[in-house]
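Descriptive structure summary
In case you want the letters, here they are:
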Amino acid sequence: MNPQAKLTSTMSLILGTTITISSNHWMMAWTGLEINTLAILPLISKSHHPRAIEAATKYFLTQATASTLLLFSSMTNAWFTGQWDITQLTHPTSCLLLTTAISMKLGLAPFHFWFPEVLQGSSLTTGLLLATAMKLPPITLLLLTSHSLNPTLLVLLAVTSAALGGWTGLNQTQIRKILAYSSISHLGWMTITLIYSPKLTLLTFYLYCLVTTTIFFTMNTTKTLKLSTMMTAWTKIPSLTAALMLALLSLAGLPPLTGFLPKWLIIQELTKQEMTPTATIITLLSLLGLFFYLRLAYCATITLPPNSTNFMKLWRTNKPVNIITTTFMILTLSLLPLSPMTLTIT
């Protein structure tokens, strides 16, 4: 891809995100989301592969539909209340339309079908942007309007996302699709506590971005896209592959790793709100995700390919691991003891 075009797309992404998260008027927020959508399209389709073009088309159609719903929601609210302020969303129909629009933008179930396909058609770097940075503006809009949204609807969307994200990720062999379904499942955890503790939703999002970034960086370093290639990639950088196993377990939410912190706090918050049955259901649904994380971890470090299979033996690389990947990996594995400080900051 042309460096000037890549720089333009990247700067537009930063601009669109900044406009949306700093605006208090619906038109400005919508403008930022549109800039984001148009800026990411060249990055998705840059390989000129039919699957990449298909992914870009699906992404554009879904995001355009969601933006239309969001604009319609804000106009309806302005028509009945005379308010364009984001925090003044009070009309019930507008709240329902906004929840639908943001769910489509984020990939919350049952509006999640586009996300795995788009992630599968993108490169690992673009996939990382789609799974983390592109979710920040919609999450911000959800946080700003959280006091107006329907709690029952949000809990229903959250439990559905956790269930479908777990079930549909079980039989996948493509790592990008597995990470997409993992993202859908984590979005369920973020949504379920949105009304009761918006700061906790934001903390969960930050830690999810941290762990997911680490895994994408590691996959990019070892050039791994499928489970079959992951089984033979351990010879490249054994230490990084071993750390990858722990990062995957952190994403699953196992103690004493960083990923356990948001799940622990969310379960505690739901129990405080006397929603123990909901907390129990979403905790049991997270076991589905744990299965495919364990499967990935097993493929990454424990399995040795059988000698009868013909495969290309990978040479161990002498290239040192990127310092950014190393830093993210350390944070992914060791932030749990710092949880009191983390909670104080947020």
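Along each chain, numbering runs from 1 in the same order as the chain's sequence is written. A pLDDT threshold of at least 70 governs which residues receive local features in this predicted model, and a stricter bar of 80 or more applies before side-chain atom pairs are shown or counted, although totals over entire chains, interfaces and linings include all residues. Heavy atoms throughout the structure, all of them, feed into the side-chain values; hydrogens and water do not.

Once that is clear, we can look at the overall build of the protein. Each helix and strand in the protein was counted, giving 16 helices and zero strands. When we talk radius of gyration, it's over C-alpha atoms, and the globule rule is simply 2.2 Å times the number of residues to the 0.38. Here the C-alpha radius of gyration of the protein, 20 Å, is about what a compact globule of 346 residues would show, namely 20 Å. For the protein, the spread of C-alpha atoms along the principal axes amounts to about 70 × 50 × 35 Å. Across the 346 residues that make up the protein, the buried fraction comes to 53%. In the protein, the proportion of contacts linking residues at least 24 apart, taken out of those at least 6 apart, comes to 78%. Methods summary: accessible areas were calculated by the Shrake-Rupley approach with a probe of 1.4 Å, and residue burial reflects only the protein chains presented. Summed over all atoms, the accessible surface of the protein reaches about 15,600 Å², with 70% contributed by carbon and sulfur. A run of DSSP states H or I qualifies as a helix once it reaches four residues; a run of E qualifies as a strand once it reaches two. Both are numbered from the N-terminal end. Exposure is judged per residue with a 1.4 Å probe applied to protein chains only, and the accessible area is read against the type maximum: over 50% gives exposed, under 20% gives buried, and values in between give partly exposed. In this description, contact between two residues means that some pair of their heavy atoms is separated by no more than 4.5 Å.

The UniProt feature table records "transmembrane region" (unreviewed entry) at residues 56–76, 96–115, 152–171, 178–196, 202–219, 240–261, 281–300 and 321–339. Each end of residues 281–300 is marked by a C-alpha atom, and these two atoms are 30 Å apart; helix forms 100% of the span and strand 0%. UniProt positions are given in the numbering used here, feature names are shortened, and annotations may be inferred rather than shown by experiment.

Between N-to-C directions, angles span 0 to 180 degrees; the directions come from axes that are lines fitted to C-alpha atoms, helices contributing only their stretch in contact. Where helix 12 (residues 238–252) contacts helix 15 (residues 323–334), the two axes come as close as 9 Å, and the packing angle between them is 45 degrees. As summarised for this structure, helix 12 and helix 15 are arranged oblique, according to the angle between their axes. In terms of crossing hand, the pair formed by helix 12 and helix 15 is left-handed. Facing helix 12, whose interface residues are Leu240, Ala243, Leu244, Leu246, Ala247 and Ser250, helix 15 presents Thr325, Met329, Thr332 and Leu333. Class assignment of the residues belonging to the contact of helix 12 with helix 15 gives a composition of seven nonpolar, three polar and no charged. Angle categories are assigned with fixed cut-offs, so that under 35 degrees is roughly parallel, over 145 is roughly antiparallel, 65 to 115 is roughly perpendicular, and the rest are oblique. Note on convention: the crossing is left-handed when the near helix lies turned anticlockwise from the far helix by less than a right angle, right-handed when the turn is clockwise. All residues other than Ala, Val, Leu, Ile, Met, Phe, Trp, Tyr, Cys, Pro, Asp, Glu, Lys and Arg, Gly among them, are scored as polar; the first ten of these are nonpolar and the last four charged.

One simple way to see leftover space: roll a probe sized like a water molecule over the atoms. There is about 270 Å³ of room inside the largest pocket. We place a 1 Å grid over just the protein atoms. Points where a 1.4 Å probe fits but has no way out form a cavity, open points with protein on both sides within 12 Å along at least 5 of 7 lines form a pocket, and any residue with an atom within 4 Å of a point lines it. Contributing to the lining of the largest pocket are 17 residues, with Thr10, Leu13, Ile14, Leu129 and Ala133 lying nearest its centre. For the lining of the largest pocket, the secondary-structure elements that each account for two or more residues are helix 1 (3–22), helix 6 (124–131) and helix 10 (198–222). The element contributing the most residues to the lining of the largest pocket is helix 1, with five residues. Each residue belonging to the lining of the largest pocket can be placed in one class, and the counts come to ten nonpolar, five polar and two charged. Grid points are joined across faces, edges and corners, and a volume is the space filled by probe spheres set on the points.

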